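Here is what each chain is made of, one letter per residue.
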Amino acid sequence: MLVAPCAWAQSLAPDLPSVPAVELPNIPALKEYANPKAPGNNPLANEPELVLSAKLSEDGETIGRGLVWRVFSPEPGGDGKLALLATAKGGTTSFNLAPGSYLVHVAFGRAGATKRITMTRAKRTETMILDAGGVKLNAVLSGGARIPPDQLRFSIYENNEDASGERALIIPDVKPDTVVRLNTGTYQIVSNYGTANAVIRADIRVEAGKITEANVEHRAAQLTLKLVREAGGEALADTAWSVLTTSGDIVRESVGAFASIVLAEGEYIIIAKNKDRIYQRDFKVVAGHNQDVEVVATEGASAATTTDQPAGGDEPLD
């Protein structure tokens, strides 16, 4: 009973003719792909070789990585720009170039050098001298207290001013302890602690083959402002804050129960507005003296209490 359906199904299958074997042609061995580096596939492979390396200074070591090489035509095209002919990354590299003149540029970070090189039918080896060094930037508070890295940023400017008295920005938003490669020379660095007015400017000198470490000092402090009904009370929500200099210039404005701000040392006016009431008081910022500032909402006058904080932290001291 169980085998009958299978036998019936098999009886319906037609007899298929046998398929004759197909003889495949004898194909010679083929490469899986055309190697672009093979001499036959590289029209410049038979051209003379230019081997390039770079150093930071004449007596320095050959740079082994981090270089960007570019080879340009020495004559501008119809658009007024030099045609880019070849590029490479890493350390020592080589190019196969037809006889003629070329402009070779090597970059190492923000440092760079350009040289005109003339190729003949002979192999040529060239070492580029970048005449460059590096700079590592950081900042501390008065007394040497550490500043959280996420509250620090640096910018590097040219040392010379233009006709309008401005300096050209070279690199913005440099993180602390980051090595930046620059050509030898003098630069102006700008350090910002926070986003208000804690700004320090300094000139630094970059020397060939050396890392210059610049550690500036900020005379500033971090304040956390809150409006309370009584000392130690809860902060009032929806408070509008304004911090002004004694001459009336606005330094910072914000809205919220808490206002955290980094200010350069000096005297300020703090204004807190909640609903239709305005509270105002004078306040002095002491360098390196972080504080929680409570503005007490009182009738007819405003008062404030302060709580010390550690110079590098967010929690109040006991």
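Residues numbered from 1 in each chain as written. Predicted model: local features only at pLDDT ≥ 70, side-chain atom pairs only at ≥ 80, totals over all residues. Heavy atoms only, no water.

A. Looking closely at the overall build of the chain. Counting secondary structure elements, the chain contains 1 helix and 22 strands. Looking at the 318 residues of the chain, the share that counts as buried comes to 36%. Long-range contacts, defined as pairs at least 24 residues apart, comprise 55% of the intrachain contacts of the chain with a sequence gap of at least 6. Total accessible area on the chain stands at roughly 19400 Å², and carbon and sulfur atoms take up 50% of it. (Helix = DSSP H or I, 4+ residues; strand = E, 2+ residues; numbered from the N terminus. Buried < 20%, exposed > 50% of the residue type's maximum accessible area, 1.4 Å probe, protein only. Contact = heavy atoms within 4.5 Å. Areas by Shrake-Rupley, 256 points an atom, 1.4 Å probe, with all protein chains shown as cover.)

B. Quick peek at the side chain of Ser73. Along the chain, Ser73 falls in strand S2 (residues 67-76). Classification of Ser73 as buried rests on a relative accessible area of 18%. Excluding anything up to four places from it in sequence, Ser73 contacts Leu82, Ala83 and Leu85.

C. Region of interest: the layout of surface pockets. Considered as a void within the structure, the largest pocket measures approximately 160 Å³ in volume. Lining the largest pocket we find 10 residues, and of these Arg229, Asn274, Arg277, Tyr279 and Ala297 sit closest to its centre. Along the lines of polarity and charge, the residues of the lining of the largest pocket split into 4 nonpolar, 2 polar and 4 charged. (1 Å grid on protein atoms, 1.4 Å probe; cavity = no way out; pocket = protein on both sides within 12 Å on 5 of 7 lines; lining within 4 Å. Points joined across faces, edges and corners; volume = space filled by probe spheres on them. Nonpolar A, V, L, I, M, F, W, Y, C, P; charged D, E, K, R; others polar.)

D. Focus on the sheet that holds strand S9 (residues 152-161). Spatially, 4 strands are ordered S10-S9-S12-S13 in an open sheet, and the strand pairing comes out antiparallel. Both edges of this open sheet fall to strand S10 (167-174) and strand S13 (199-206), since each of them pairs with a single strand only. Across the sheet, the axes of successive neighbouring strands diverge by a mean angle of 25°, strand direction being ignored. Two elements, S9 and S10, share 4 bridges in a ladder whose sense is antiparallel. Pairing of Tyr157 across the sheet is with Leu169, part of S10. (Pairing = 2+ DSSP bridges. Axes fitted to C-alpha atoms, helices over the stretch in contact; angles between N-to-C directions.)

E. Seen up close, the sheet that holds strand S17 (residues 250-255). Pairing within the open sheet is antiparallel, and its 4 strands lie in the order S17-S16-S19-S20. A strand with exactly one partner marks an edge of an open sheet, and here the two such strands are S17 and strand S20 (277-285). When the angles between neighbouring strand axes are averaged without regard to direction, this sheet yields 15°. Where strand S16 (residues 239-245) lies against S17, 5 bridges are found, and the strand directions are antiparallel.

F. How the structure looks around the environment of His105. Looking at where His105 falls in the secondary structure, it is placed in strand S5 (residues 100-108). Here the alpha-carbon distance between His105 and Val68, two residues 37 residues apart in the chain, equals 8.2 Å. If near-sequence neighbours (up to four positions away) are discounted, His105 is found in contact with Val68, Trp69, Arg70, Phe72, Gly112, Ala113 and Thr114.

G. Summary view of the pairing of strand S6 (residues 111-119). Relative to S6, S5 runs antiparallel, the two being bridged by 9 bridges. Its bridge partner being in S6, Val106 is matched across the sheet by Ala113. Between S5 and S6, which follow one another and run antiparallel, lie 2 residues, and Gly109 among them has a positive phi close to 65°.

H. Main features of the pattern of salt bridges. Using the criterion set out here, one finds 10 salt bridges in the structure. In this structure, Lys123 engages Glu49 in a salt bridge whose closest nitrogen and oxygen atoms are separated by 3.8 Å. Linking Lys123 in the loop between S6 and strand S7 (124-129) with Glu49 in strand S1 (residues 49-55), this pair joins segments that are 74 residues apart in sequence. Looking at Glu49, the relative accessible area reads 27%, which means it is partly exposed. Between Arg219 and Glu265 there is a salt bridge whose closest N-O contact spans 2.6 Å. (Salt bridge = Lys/Arg side-chain N within 4 Å of Asp/Glu carboxyl O.)

I. Structural view of the confidence of the model for the chain. Of all residues in the chain, 80% attain a pLDDT of 70 or more, and the chain-wide mean is 84. Confidence over residues 1-19 falls short of pLDDT 50; this stretch has 0 contacts with residues more than four positions distant or in other chains. In this model residues 300-304 is a low-confidence stretch, pLDDT under 50, and it forms 13 contacts with partners more than four residues away in sequence or in other chains. (pLDDT = per-residue confidence, 0-100.)

J. Here's a closer look at the side chain of Gln188. When you line up the elements, Gln188 lands in strand S12 (residues 185-193). A polar atom in the side chain of Gln188 sits 3.4 Å from the side chain of Arg201. With near-sequence residues (within four places) excluded, Gln188 lies in contact with Ser155, Ile156, Tyr157, Glu158, Arg167, Arg201, Ala202 and Asp203. (Polar contact = N/O pair within 3.5 Å; in protein donor to acceptor, adjacent residues only side chain to side chain.)

K. Up close: the environment of Pro99. Mapped onto the elements, Pro99 comes out in the loop between strand S4 (93-96) and S5. For Pro99, a relative accessible area of 41% translates into the label partly exposed. Residue contacts for Pro99: discarding those within four places in its chain leaves Glu47, Pro48, Met119, Thr120 and Arg121.

L. Layout of the environment of Lys175. Within the element layout of this structure, Lys175 appears in the loop between S10 and strand S11 (179-183). Spatially, the C-alpha atoms of Lys175 and Ser155 are 9.2 Å apart, while their sequence positions differ by 20 residues.

M. Up close: unusual backbone geometry. We note that Asp131 has phi near 50°; this positive angle belongs to a residue other than glycine. Counting through the fold element by element, Asp131 comes out in the loop between S7 and strand S8 (132-141). Under the relative-accessibility criterion, Asp131 is labelled partly exposed at 41%.

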